[in-house]
There are 2 protein chains.
Amino acid sequence: MARARALGWGGNEVQMEGTGAPAQRLEPAGVPRRAVIEDVKPTVDGGRFPAKAAVGDDVVVEATAFVDGHDLLACDLRVQREGQPEWTTTDMAPLGNDRWRGTFHADAVGRYRFSVRAGVDRFATWRRDLVARADAGQDVRSELLVGAALLSKVAARASGAEKLSLSVAADAVATAAARSGLSSPVSRSGLTSPAVPDGLDHSDETTVGAMLQSALLTALVRRHRATSDATTSATYTVVVDPALARFSTWYEMFPRSASPEEGRSGTLADVEARLEYVEALGADVLYLPPVHPIGTTARKGRDGAIEAAADDPGSPWAIGSPEGGHCAIDPSLGTLDDLRRLVSAARERRIEVAMDVAFQCSPDHPWVREHPEWFLHRPDGSIGCAENPPKRYEDIYPLNFENDDWWGLWLALAGVVRFWIAQGVRVFRVDNPHTKPFAFWEWLLSSVKDEHPEVILLSEAFTRPAVMYRLAKLGFTQSYTYFAWRNTKWELESYMAELAGVSHFFRPNFWPNTPDILTDALQTGGTATFVARLVLASTLTASYGVYGPVFELQEHLPRSPGSEEYLGSEKYAVRHWDLDRPDSLAPLMARLNAVRRSHRALQRNDTLRFHATGNDQLIAYSKTWDDDAVLVIVNLDPAHRQSGWVDLGDFGRGPGESIEVHDLLTDARYRWEGSHSFVILDPGTVPAHVLSIGVGSRSSSTGAS
Amino acid sequence: MARARALGWGGNEVQMEGTGAPAQRLEPAGVPRRAVIEDVKPTVDGGRFPAKAAVGDDVVVEATAFVDGHDLLACDLRVQREGQPEWTTTDMAPLGNDRWRGTFHADAVGRYRFSVRAGVDRFATWRRDLVARADAGQDVRSELLVGAALLSKVAARASGAEKLSLSVAADAVATAAARSGLSSPVSRSGLTSPAVPDGLDHSDETTVGAMLQSALLTALVRRHRATSDATTSATYTVVVDPALARFSTWYEMFPRSASPEEGRSGTLADVEARLEYVEALGADVLYLPPVHPIGTTARKGRDGAIEAAADDPGSPWAIGSPEGGHCAIDPSLGTLDDLRRLVSAARERRIEVAMDVAFQCSPDHPWVREHPEWFLHRPDGSIGCAENPPKRYEDIYPLNFENDDWWGLWLALAGVVRFWIAQGVRVFRVDNPHTKPFAFWEWLLSSVKDEHPEVILLSEAFTRPAVMYRLAKLGFTQSYTYFAWRNTKWELESYMAELAGVSHFFRPNFWPNTPDILTDALQTGGTATFVARLVLASTLTASYGVYGPVFELQEHLPRSPGSEEYLGSEKYAVRHWDLDRPDSLAPLMARLNAVRRSHRALQRNDTLRFHATGNDQLIAYSKTWDDDAVLVIVNLDPAHRQSGWVDLGDFGRGPGESIEVHDLLTDARYRWEGSHSFVILDPGTVPAHVLSIGVGSRSSSTGAS
């Protein structure tokens, strides 16, 4: 019985006939379905997790579907937006080798369900066989009777004018059968004629053949065909996020360094005043490190020193003091009103303020007193600080998710996220999610998205690939990546290939730097490297971010040799920045972000293609979206000019033909002939081309003269 | 609630604290497990179908498993043979990047179940952190107390001497904590010392460090560690088939052509007399086309003529006459006793007789009269013959699986298979399974294997890849392939790569010819092509077959130009063969099959590697199994000598070193130096090398002189 159930059959035990052995044969509960559906995409781990899409996407669904024997198949895509009763049904088209494709449009945030339905297309099968028989000169009278009966059955499921049309068609086929067998009119010429009949009421032999092939009849039969014997796949979920989840430009800054006056600590009001700068940069997410009260116990000093000086502000990630915890604003930054005002003012500029979600506490956090059971206790009863032995983080107590009141802890943490959503925050950057249980995130993220499908959460998990991908599956909207450490052409190309393989659930967000990550390349490569990394981050993926103003001001000194920490890191100190310095990369960032906004090709990841250049220091890739095409070429060598012949691939033209290319960084325009173009890039000037390709502008140089 | 269940949680609705919105937060029924298990192999479609193995295989199980945070993981493989109560548990080993591997031995036919279990290894985690702390000179007294408590808990789960040992270890650690904190002895030198303590009863500080690292203590703790908080994967099934399923040599022959006397039709007794020949060839499966009574209505004549002459015997696949159907023996071939005797006599020579399972009927089959409802009826009430319009097969009625008594039909067909199993048949070749419903095969194959796990069924589905692979998933033991039409190096290499991707469920059986398939290559290529195709079939895969004696006698004339049908095909005529012809390839077949038996490397598919030759006409590949290694090089050009430098890959040696190679076809022996070897193959002599590589025989030419 277990086997029968595993196969999806109910069953009665029956006695085998014909053989001696006592048999256990289990009768399927109903007629088994003939069609098979396999390998449905987009799905994640066989449907265990939802796939991701964004508002405005055409979600492409594919499946392998087939049936025994030679019968033709009809394959439908069925889609339902969660909470709405209707399922829409659209045809899927065959791609060859039993693969089928359909599309639905994601027009609003929320969850969509879809399934694939496949069954024998009896009308199409009958019609194909009829043509083959008639073309071979066989007598098809009997087949026409079969077809007439088939059409009558379809007509019985229709109503009104459609029923009438189908009945007339059935009659016409029956009449043709009665008259002559129609072996001549249902010939290849008759059945494949492009002429569409002006109606279905013709009963003369010649037009019956054309009628059977007409798009009108085909659509009518399809609409009313029997589906009771069709196979339906499992139902899969696609979470549709805001368009910002697919295409976003992040900018991180420390509020306390936002003061325009040197010597005064910045506030949320200063951040509000800096929105104009952020808007000019072209960012649409402004991410602030934690803005909560900072503990004083074991506070870190400048550059992470164990002993803090009296005026050291401490790490914003040492959250909590007597003035409050995760739902409070550090009084030196301002008030909750200031935060709400900042969020509103930013939104008027089409910028979302992203809050940091760092689920850890300073020793002074109210929870340490109120809920000591949520923390890890040592044998002497004291609470243990965060450790990655032998490293110790004395200013931070980790939460112990294995405590007996883990459910109370989960609720409290969910309350934090819900609190900030209630203040108007829609975007969150989540600190170190990989150090909290996966089950917790699945619960939290599902719960949040249930109520607030518009919310975006960025996972800051710099850890092993399987863990990063798991967090994305659990519901994180975007994810930090290894981009910062992928510098060579081979590293970049193979990493993009890896990310393409997880694109249904993992949305990469490329950061060339973060407060924790000043890479060796940025320390040593100079401006050419800053520019190259900025161009790569902003064009390889649709979502990227920089930690500024240190990025545009090209901060590159490490705390110590071999360290990825910034010297004088803002994590432990208030800094003052001169945004108007002539060496600022802000104008280039603004230009790149404007290009990203005006070129749709850069707003998606799935059309990325690499182009051969014949030079390991010269990377080239393109993206397309409809008529928009962008080709990017970057010199990865900060020290030398590099040149190569770029294989234009699909953009290439034959001899004597050319395409127009427009460098979006320098505004230069060129006409490129042939299949390859020679490119030289000098790190001393601009080490990259970002080229708009005139896809529609094919011209022949001979014809143009 | 639906969501909560989907996540595997039971739940109570609780009120959210801290925020205004009415909340639905669902409490998990128990503490959620921390470890995650993904991507378990071998599995087929996420466990929907069993994977395949053969008796004697070491089944390699892999999984991705990880946990949040920095804790170390312990990963177990759990295995149960179906019908036995015990589950065995063995350690899985980490492969890096969260991938784990374990192995179990398939020692008998039947179904095995396995699952993967992963949980935090608290002892290993504690020990790793202790070492890191101690090495950094930190005070570890508190940590030692934690460890002592941990060991005490483990001891509480053990009994007898093991409990004692664990308790002593716990005491030793507690004592060390009380004395000094042991910061010095638990140093890197102490903890990584290779010395294994002679017991666990030492309490002095120096040996506590070594004790904690001892293999004995590690194994004891592992055996008794808590698994109640571990995560267990789904349970997956592996069907273990007889060894013959993995490694088999098939030989097909028509019994009616087996007579030693020209002019007399052969019998099963003649086949029995020919077993000596088949044994000498080295075949272990002798496959006979259908041996049932053949219909006379619409019987096909010579070369498939519509009109049969009076003495034409008809196609053996037009099954059924008044003398019986699928459970009867054609009287002209002999009796059921003759068949049973043949099966026994063959088994004495370690040859299995394979019967043909062709579920279709001649118009004279008893079922046509007894069960007309099982067939397709035309509008005039007549039964339709088999068609693939416009082609018609007048001598065959297909079974209509969509008839109202489909279940009666299923039972009858299962009865056929069971009948022949009852006669001693263990191997079946199933004709055109893709024209019968997939659900039928899943039911039939599962039922048969439930009772007779030793049975092997070969799927003869020459159709689209998805359909062929589905049939294999449903339970067919082996499958025909596209090998006959894969001739160029690129075709062969890419096809082998495709097959490697489905190896968990699809076992290819390579046939250079069948009664339906005389390829263009064999028609035109001459002896060199026959030899090359034989070498390829017998060495690329572990299971292959030929249709003889036409293959070894190099029959190559088609019925008509462009046809793949043999002229004078045995499907429609009795033929007489002179097995002693000097041009017979039987001696080469015997040699190749002897090589296959004596070289384990050729008895599996998963170690196949291709070697570059720099010549598209020269294909080279190797297989290994333990110390056995075979390198095959074939000239694919039947008309010209071809040469190239074969990249020896892992077999290659540095300058001045050599390996011994032994050509198993010609018995020549060579010493090859370096990383590449120059090879010339002449289609006029033997166009292939089948080389045994002396993997263990590395020698230095300087040292050997």
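Source: prediction; values computed, not measured.

Draft legend 1. Highlighting the overall build of chain A. Regarding its fold elements, chain A presents 19 helices and 33 strands. Referenced to the eigenvectors of the C-alpha coordinate spread, the extents of chain A come out at roughly 105 × 80 × 50 Å. Within chain A, the fraction of its 705 residues that count as buried is 60%. Within chain A, residue pairs in contact and separated by at least 24 positions form 73% of the contacts whose partners lie at least 6 positions apart. For chain A, the exposed area adds up to about 27700 Å²; of that, 51% sits on carbon and sulfur atoms. Taken together, the 72 basic and 92 acidic charged side chains of chain A have centroids lying 5 Å from each other.

Draft legend 2. Region of the structure containing the pattern of salt bridges. Residues and elements named next belong to chain A. In this structure the tally under the stated criterion is 108 salt bridges over all chains. Taking the shortest distance from any N to any O, the salt bridge between Arg-222 and Asp-76 comes out at 2.7 Å. Of the two residues, Arg-222 sits in helix H7 (residues 215-224) while Asp-76 sits in strand E6 (residues 73-81), which places them 146 residues apart along the sequence. A single burial state applies to Arg-222 and to Asp-76, both of which are buried. Across the pair Arg-113 and Glu-82 runs a salt bridge whose closest N-O atoms are separated by 2.1 Å.

Draft legend 3. Up close: the nonpolar core. If you look at the biggest cluster of nonpolar residues, it comprises 164 residues, and the most contacted ones within it are Tyr-251, Phe-359, Leu-399, Phe-428, Trp-441 and Val-634 of chain A. For this core, the leading source of residues is helix H13 (residues 406-422) of chain A, giving 13 residues. If sequence neighbours within four positions are ignored, Tyr-251 of chain A has contacts with Tyr-277, Val-278, Leu-281, Ala-283, Val-285, Leu-286, Tyr-287, Val-546, Gly-548, Pro-549, Glu-552 and Met-589 of chain A. In terms of nonpolar packing, the next biggest core, distinct from the first, is built from 163 residues, Val-291, Leu-333, Val-357 and Val-690 of chain B among them.

Draft legend 4. Region of the structure containing the sheet that holds strand E22 (residues 478-480) of chain B. Residues and elements named next belong to chain B. In spatial order, the strands read E23-E22-E21-E20-E15-E14-E13-E24; together these eight strands make up an open sheet with parallel pairing. Looking at the sheet topology across the chains shown, the edges are occupied by strand E23 (508-509) and strand E24 (543-547). Two elements, strand E21 (residues 456-460) and E22, share two bridges in a ladder whose sense is parallel. Paired with Leu-458 across the strands is Gln-478, a residue of E22.

Draft legend 5. Spotlight on the environment of Gly-381 of chain B. Residue and element names in this part refer to chain B. Locating Gly-381 in the fold gives a position in the loop between helix H12 (366-370) and strand E17 (386-388). Judged by its relative accessible area of 44%, Gly-381 falls in the partly exposed class. Residues Gly-381 and Asn-513, 132 residues apart in the sequence, show an inter-C-alpha distance of 40 Å.

Draft legend 6. Fine view of the packing of aromatic side chains. Scanning all chains against the criterion turns up 73 aromatic pairs over all chains. Measuring from centroid to centroid gives 5.2 Å for Phe-401 of chain A and Phe-440 of chain A, while their planes differ by 50 degrees, and the two rings are tilted. One end of the pair, Phe-401 of chain A, is in the loop between strand E19 (397-398) and H13; the other, Phe-440 of chain A, is in helix H14 (residues 438-451), with 39 residues separating them in the sequence. Both residues of the pair, Phe-401 of chain A and Phe-440 of chain A, belong to the buried class. In this structure an aromatic cluster arises from ring pairing among Phe-359, Phe-401, Trp-406, Trp-407, Trp-410, Phe-440, Trp-441, Trp-443 and Phe-476 of chain A. Residue placement shows Arg-600 of chain B over the ring face of Trp-625 of chain B; its charged tip is 4.0 Å from the ring centre.

Draft legend 7. The arrangement of the sheet that holds strand E5 (residues 58-66) of chain B in detail. Spatially, four strands are ordered E3-E5-E9-E8 (chain B) in an open sheet, and the strand pairing comes out antiparallel. Of all the strands in the sheet, just strand E3 (36-41) and strand E8 (93-96) of chain B have a single pairing partner and so form its edges. Neighbouring strand axes in the sheet, compared pairwise and without regard to direction, differ in orientation by 35 degrees on average. With three bridges connecting them, E8 of chain B and strand E9 (residues 99-105) of chain B associate as antiparallel partners. Following the sheet pairing, Pro-94 of chain B is matched in E9 of chain B by Trp-100 of chain B. Helix H15 (residues 465-474) of chain A contacts E3 and E5 of chain B of the sheet and is inclined by roughly 65 degrees relative to E5 of chain B.

Draft legend 8. Molecular detail of the packing of helix H4 (residues 160-179) of chain B against helix H7 (residues 215-224) of chain B. Residue and element names in this part refer to chain B. Across the interface, H4 lies against H7 with an axial gap of 11 Å and an inter-helix angle of 115 degrees. Comparing the axis directions of H4 and H7 gives the class roughly perpendicular. Relative to H7, H4 is oriented so that their crossing is left-handed. Of the residues in H7, those touching H4 at Glu-162, Ser-165, Leu-166 and Ala-169 are Leu-217, Leu-220, Val-221, Arg-223 and His-224. Its residues assigned to classes, the contact of H4 with H7 comprises five nonpolar, two polar and two charged.

Draft legend 9. Geometry of the confidence of the model for chain A. Residue and element names in this part refer to chain A. Per-residue confidence for chain A gives a mean pLDDT of 91, with 91% of residues at or over 70. Predicted confidence for residues 181-205 stays below pLDDT 50, and this span has 50 contacts to residues more than four positions away or in other chains. Counting contacts from residues 697-705, a segment whose pLDDT is below 50, to residues more than four positions away or on other chains yields 15 contacts. Two summary scores accompany this predicted model of the complex, namely pTM at 0.92 and ipTM at 0.91.

Draft legend 10. Representation of unusual backbone geometry within the structure. Pro-389 of chain A connects to Pro-390 of chain A through a cis peptide bond whose omega is 5 degrees. Along the chain, the position of Pro-390 of chain A falls in the loop between strand E17 (386-388) and strand E18 (391-393). A cis geometry characterises the amide bond from Gly-548 of chain B onward to Pro-549 of chain B, with omega recorded as -10 degrees. Position of Pro-549 of chain B relative to the elements: it lies in the loop between E24 and helix H18 (586-598). Even without being a glycine, Asn-97 of chain B presents a positive backbone phi close to 50 degrees. Within the secondary structure, Asn-97 of chain B is located in the loop between E8 and E9. For Asn-97 of chain B, a relative accessible area of 55% corresponds to the exposed category. You will see that Asp-667 of chain B, though not glycine, has its phi angle at about 70 degrees, which is positive.

Draft legend 11. Molecular detail of the packing of helix H3 (residues 141-157) of chain A against helix H4 (residues 160-179) of chain A. All names here are of chain A. Two elements in contact, H3 and H4, have axes separated by 8 Å at closest approach and are oriented at 165 degrees. One way to sum up the angle between H3 and H4 is to call them roughly antiparallel. For H3 against H4, the interelement crossing comes out left-handed. Residues Arg-141, Leu-144, Leu-145, Gly-147, Ala-148, Leu-151, Ser-152, Val-154, Ala-155 and Ala-156 of H3 lie in contact with H4, whose contacting residues are Lys-163, Leu-166, Ser-167, Ala-169, Ala-170, Val-173, Ala-174, Ala-176 and Ala-177.

Draft legend 12. Spatial organisation of the relation of the copies chain A and chain B. Mapping chain A onto chain B leaves a residual RMSD of 0.1 Å; the transformation is a rotation of 180 degrees accompanied by 0.1 Å of translation along its axis. Here the copies are linked by what is in effect a two-fold axis. Every residue of chain A has its C-alpha some distance from the rotation axis, and the shortest such distance is that of Gly-46 of chain A, at 3.4 Å.

So, how was this worked out
Residues numbered from 1 in each chain as written. Chains lettered and ligands numbered in written order. Predicted model: local features only at pLDDT ≥ 70, side-chain atom pairs only at ≥ 80, totals over all residues. Heavy atoms only, no water. Helix = DSSP H or I, 4+ residues; strand = E, 2+ residues; numbered from the N terminus. Buried < 20%, exposed > 50% of the residue type's maximum accessible area, 1.4 Å probe, protein only. Contact = heavy atoms within 4.5 Å. Areas by Shrake-Rupley, 256 points an atom, 1.4 Å probe, with all protein chains shown as cover. Lys, Arg positive; Asp, Glu negative; His and termini not counted. Charge placed at Lys NZ, Arg CZ, Asp CG, Glu CD. Salt bridge = Lys/Arg side-chain N within 4 Å of Asp/Glu carboxyl O. Core = buried A, V, L, I, M, F, W, Y, C linked by side-chain atoms within 4.5 Å. Pairing = 2+ DSSP bridges. Phe/Tyr/Trp six-rings, centres within 6.5 Å; stacked < 30°, edge-to-face > 60°. Lys NZ or Arg CZ within 6 Å of the ring centre and 35° of its normal. Axes fitted to C-alpha atoms, helices over the stretch in contact; angles between N-to-C directions. Parallel < 35°, antiparallel > 145°, perpendicular 65-115°, else oblique. Left-handed = near helix turned anticlockwise from the far one by under 90°. Nonpolar A, V, L, I, M, F, W, Y, C, P; charged D, E, K, R; others polar. pLDDT = per-residue confidence, 0-100. Least-squares fit on C-alpha atoms with pLDDT ≥ 70 in both.

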